[in-house]
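Architecture and fold: a report
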Amino acid sequence: NAGVMQNPRHLVRRRGQEARLRCSPMKGHSHVYWYRQLPEEGLKFMVYLQKENIIDESGMPKERFSAEFPKEGPSILRIQQVVRGDSAAYFCASSPLGQGTNTGELFFGEGSRLTVL
Amino acid sequence: AQSVAQPEDQVNVAEGNPLTVKCTYSVSGNPYLFWYVQYPNRGLQFLLKYITGDNLVKGSYGFEAEFNKSQTSFHLKKPSALVSDSALYFCAVRGPYGNNRLAFGKGNQVVVIP
């Protein structure tokens, strides 16, 4: 089974450009989570999505950031008008379990490392 | 809100010695607890979890963790550390209600000295 696939692995953008990060969950998983990792800050939750629905976006910055998980295709985390502070590793995780059920672990991708010049 | 504290930035241990990485948590209700490991420039790999049952949980690569409800702790342990265990270790928690998102600690860098 293929794991969680993220691309690109590395992305360089200049200030003001847009960044699009893609995540394909594991086969059979319909729940996707995005986390951001900054040096010495650990992983910060950003957003939790199911197919065509945003379930929890409490960790998303109010401006410039958006996420989607369409019926067909990967989940996309979009950052508009990037600034240097957006430089980080962005991790996607997936799970087969839904809200209110017993938990299982999250399965993580290798991450997308964004550098803003 | 759920949260995790990993009080030490770095843990240094000699190869062959016991390894302990500390974690305390805060959550409403019974906790679901996890440990993950991250190698340089890689994603997080699942090590073990506690949901219910025996307080001592055994996981991958010889790691184990002990759930202590009175101390709200879930320390990760390995009886004999290997150089290849050098990595970043994350503790995570979620509560029994709501969605499945995990709250992570800031991570502990483990350095095993040959």
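Residues numbered from 1 in each chain as written. Chains lettered and ligands numbered in written order. Predicted model: local features only at pLDDT ≥ 70, side-chain atom pairs only at ≥ 80, totals over all residues. Heavy atoms only, no water.

Description of the state of the cysteines
Put simply, the rule is: What counts as a disulfide here is a pair of cysteine sulfur atoms lying within 2.5 Å. Strands here are runs of E lasting at least two residues and helices are runs of H or I lasting at least four, both read from the DSSP assignment and numbered beginning at the N terminus. The buried label applies to any residue whose accessible area, calculated with a 1.4 Å probe on protein chains only, is under 20% of its type's maximum; exposed applies above 50%, and partly exposed to all values in between.
Tallying each qualifying case throughout the model produces 2 disulfides over all chains. A disulfide bridge connects Cys 23 of chain A with Cys 92 of chain A, and the sulfur atoms are separated by 1.8 Å. Across the disulfide from Cys 23 of chain A to Cys 92 of chain A, rotation about the S-S bond amounts to roughly -60°, and the bridge is consequently left-handed. Here Cys 23 of chain A, found in strand β3 (residues 19-24), pairs with Cys 92 of chain A, found in strand β9 (residues 88-95); they are 69 residues apart in sequence, far enough to count as distant. Accessibility expressed as a relative area gives 0% for Cys 23 of chain A, which makes it buried. Overall, the relative accessible area of 0% leaves Cys 92 of chain A in the buried class. Bridging Cys 23 of chain B to Cys 91 of chain B, the disulfide has an S-S length of 2.0 Å.

Structural notes on the packing of aromatic side chains
For clarity, the threshold we go by: Classification of ring pairs uses Phe, Tyr and Trp, with its six-membered ring standing for Trp, and accepts pairs whose centres are within 6.5 Å; under 30 degrees between planes counts as stacked, over 60 as edge-to-face, and the remaining range as tilted.
In this structure the tally under the stated criterion is 13 aromatic pairs over all chains. Each member of the aromatic cluster is reached from another via a ring pair, and the members are Tyr 35, Phe 45 and Phe 108 of chain A together with Tyr 36, Phe 46, Phe 90 and Phe 104 of chain B.

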